[in-house]
There are 2 protein chains.
Amino acid sequence: MSTTDGKPKIQFWFEFASTYSYPAAMRIEDAARAAGVAVEWRPFLLGPIFFAQGWNDSPFNIYPAKGAYMWRDMERICAKHGVPLQRPTNFPRNGLLAARVAQVAADDGWAPDFVRAVYRANFAEDREIGEEPVIAELLATLEHDADEVLARATSPENKERLKATSEEAKERGLFGAPSFVVGDELFWGNDRLEDALAWATGKR
Amino acid sequence: MSTTDGKPKIQFWFEFASTYSYPAAMRIEDAARAAGVAVEWRPFLLGPIFFAQGWNDSPFNIYPAKGAYMWRDMERICAKHGVPLQRPTNFPRNGLLAARVAQVAADDGWAPDFVRAVYRANFAEDREIGEEPVIAELLATLEHDADEVLARATSPENKERLKATSEEAKERGLFGAPSFVVGDELFWGNDRLEDALAWATGKR
């Protein structure tokens, strides 16, 4: 868990299947540091929220015009921020295991590196981030003990915690990702990161 | 129709029922002038596009979490831009007649004033912009001959033209409002106005 050290704090709510969460995850640490804001990394699952809205797939697949726009928009955004993008051959990928691991990583303080590695694997390297061997390899590359981390990530307690987090997301009014929470204020979308940071520092 | 005078051009596609089109309509003329970009005002109807997606109401009513967020977000955005906001007691209001008039206004070159007046009436003054007397009064306030304009606006030819425009919107891949079109590039959302203007002037 990020400590705030007296700094204003922002919660970064992300879902590994979410395209726009990718540039946000790549940008947030530098942007928050520059703004003097601490980041709390909150992995959660959008699936249950979408399902409650009647969607059993990504809205970008359900609504083709929106999907076509999103992929072109992602190209522009990633180019603007110098973030590599390769459209995944499989979308959306299941981010459940990665989210469970990210929760452990947040406890241990290495969420930023792990989260970025998963997003890169999904959206720049077209890898199957829903599969355990891929996550294990990413953990090994980051010099973590994959077996040990995966055992903690898939413990009943950690599974329940992620469910509770996703329930908390719904209670806070989240309906998409990425979302940024500052106190009771909700900001939705990669393009609102700067607004959320400004809100956290009192520049409204 | 806006003449470009050799300036780069942006198309501003708006729908009178669209909340986020309101701040965009209030900002675009000044922002475009500052960027040296000409604006073509394109009223269109989102209803048929939403209906084809299976929605018979505003998505902000269909998805309550999204709606709650949108109204709070509109408060922040309007405060930021100094645009007055009063949440309409009736939402969404039917923008059909106003769009027909806006098309006539665009032909005659007075679209900006009329469009802003309608948005203000809907989102700052809580007036029933779907009703003809309200539109007639706005026209009179802008010193137009309301009877003459309304007759042109509701002519069979003008009605067909608006239908064709809404069909063109769908063909261009529009799925929401406001949208900005620069050549073949589509930008969706009030918060993309600056990106669209930058694209138009080659600053990418």
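Coordinates for the structure precede this section.
Keep in mind that this is a model prediction, so the values were computed, not measured.

**Quick look at the sheet that holds strand β1 (residues 9-14) of chain A**
Residue and element names in this part refer to chain A.
So, point 1. Read across the sheet, 4 strands follow the order β2-β1-β3-β4 without closing on themselves; strand pairing throughout is mixed. At either margin of the open sheet sits one strand with a lone partner, and together these are β2 (38-43) and β4 (185-188). The mean inter-strand angle of the sheet, taken between neighbouring strand axes irrespective of direction, is 25°.
So, point 2. For strand β3 (residues 179-182) and β4, the ladder comprises 4 bridges, and the chain directions are antiparallel. Residue pairing across strands places Phe180 opposite Phe187, the latter belonging to β4.

**Here's the deal with the packing of helix α1 (residues 21-35) of chain A against helix α6 (residues 111-123) of chain A**
Packed helix pairs are specified by the crossing angle of their axes together with the interaxial distance, meaning the distance between the axes.
All names here are of chain A.
So, point 1. For the pair α1 and α6, the least separation of the axes is 10 Å and the interaxial angle reads 145°. The two elements α1 and α6 cross, and the hand of that crossing is left-handed. Residues Ser21, Tyr22, Ala25, Met26 and Glu29 of α1 form the contact with α6, whose participating residues are Pro112, Val115, Arg116, Tyr119, Arg120 and Phe123.
So, point 2. When grouped by side-chain class, the residues that make up the contact of α1 with α6 number 7 nonpolar, 1 polar and 3 charged.

**Considerations on the sheet that holds strand β1 (residues 9-14) of chain B**
Residues and elements named next belong to chain B.
So, point 1. What the 4 strands build is an open sheet, ordered β2-β1-β3-β4; its pairing is mixed. Every interior strand has two partners, whereas the edge strands, β2 (38-43) and β4 (185-188), have only one. The sheet shows a mean angle of 25° between the axes of neighbouring strands, direction not considered.
So, point 2. Contacts from helix α1 (residues 21-35) reach β1, β2 and β3 (179-182), with the element oriented near 165° to β1.

**Some remarks on the packing of aromatic side chains**
The relation between two aromatic rings is expressed through the spacing of the ring centres and the mutual angle of the planes.
Residues and elements named next belong to chain A.
So, point 1. Tallied over the full model, the rule gives 42 aromatic pairs over all chains.
So, point 2. Ring centres of Phe16 and Tyr119 lie 5.0 Å apart, and the angle between their planes is 40°; on these two criteria the pair is classed as tilted. One end of the pair, Phe16, is in the loop between β1 and α1; the other, Tyr119, is in helix α6, and 103 residues separate them in sequence. In terms of burial, Phe16 and Tyr119 fall into one category: buried.
So, point 3. Taking 5.6 Å as the distance between ring centres and 25° as the angle between the ring planes, the aromatic pair formed by Tyr22 and Phe123 counts as stacked. On the criterion of sequence distance, the pair formed by Tyr22 in helix α1 and Phe123 in helix α6 is long-range, its members being 101 residues apart.

**Remarks on the pattern of salt bridges**
Pairing of side chains with opposite charge becomes possible as their charged atoms draw close.
So, point 1. Under the criterion given, the structure shown has 44 salt bridges over all chains.
So, point 2. Among the salt bridges present, the one from Glu168(A) reaches Arg172(A), with a minimum N-O distance of 3.0 Å.
So, point 3. Among the residues examined, Glu168(A) registers a relative accessible area of 24% and is labelled partly exposed.
So, point 4. Overall, Arg172(A) belongs to the partly exposed group, its relative accessible area being 34%.
So, point 5. Through salt bridges with shared partners, a single ionic network connects Arg72(A), Asp73(A), Glu75(A), Arg76(A), Asp191(A), Glu185(B) and Arg192(B).

**Considerations on helix α10 (residues 193-200) of chain A**
So, point 1. Those residues of α10(A) that sit buried are Leu193(A), Ala196(A), Leu197(A), Trp199(A) and Ala200(A). The buried residues of α10(A) occupy an angular sector of 160° when projected down its axis, which confines them to one face.
So, point 2. Contacts from the buried residues of α10(A) go to β1, α1, β3 and β4 of chain A together with α4 (64-81) of chain B.
So, point 3. Immediately downstream of α10(A), the backbone of Gly202(A) shows phi near 85°, a positive value.

**Looking at the nonpolar core**
So, point 1. If you look at the biggest cluster of nonpolar residues, it comprises 148 residues, and the most contacted ones within it are Phe16(A) and Phe16(B).
So, point 2. Other than its neighbours up to four places away in sequence, Phe16(B) contacts Gly95(B), Ala98(B), Ala99(B), Ala102(B), Phe114(B), Val115(B), Val118(B), Tyr119(B), Asn122(B), Phe123(B) and Ile129(B).

**Describing the relation of the copies chain B and chain A**
So, point 1. Superposition record for chain B on chain A: RMSD 0.0 Å, screw rotation 180°, translation along axis 0.0 Å. The transformation relating the two chain copies, once decomposed into turn and shift, fits a two-fold axis. Of every C-alpha in chain B, the one belonging to Asp191(B) sits nearest the axis of rotation, 3.9 Å from it.

**Re the interface of chain B and chain A**
So, point 1. With 21 residues of chain B at the interface, the matching set in chain A holds 21 residues.
So, point 2. Across the pair Glu185(B) and Arg72(A) runs a salt bridge whose closest N-O atoms are separated by 2.7 Å.
So, point 3. At the junction of chain B with chain A, the criterion picks out 17 residue pairs in polar contact (both at pLDDT 80 or more).
So, point 4. It is α4(B) that contributes the most residues to the side of chain B that touches chain A, 8 residues altogether.
So, point 5. The residue inventory of the side of chain B that touches chain A, partitioned by class, reads 10 nonpolar, 2 polar and 9 charged.

Criteria and thresholds
Residues numbered from 1 in each chain as written. Chains lettered and ligands numbered in written order. Predicted model: local features only at pLDDT ≥ 70, side-chain atom pairs only at ≥ 80, totals over all residues. Heavy atoms only, no water. Pairing = 2+ DSSP bridges. Helix = DSSP H or I, 4+ residues; strand = E, 2+ residues; numbered from the N terminus. Axes fitted to C-alpha atoms, helices over the stretch in contact; angles between N-to-C directions. Left-handed = near helix turned anticlockwise from the far one by under 90°. Contact = heavy atoms within 4.5 Å. Nonpolar A, V, L, I, M, F, W, Y, C, P; charged D, E, K, R; others polar. Phe/Tyr/Trp six-rings, centres within 6.5 Å; stacked < 30°, edge-to-face > 60°. Buried < 20%, exposed > 50% of the residue type's maximum accessible area, 1.4 Å probe, protein only. Salt bridge = Lys/Arg side-chain N within 4 Å of Asp/Glu carboxyl O. Arc of directions from axis to C-beta. Core = buried A, V, L, I, M, F, W, Y, C linked by side-chain atoms within 4.5 Å. Least-squares fit on C-alpha atoms with pLDDT ≥ 70 in both. Polar contact = N/O pair within 3.5 Å; in protein donor to acceptor, adjacent residues only side chain to side chain.

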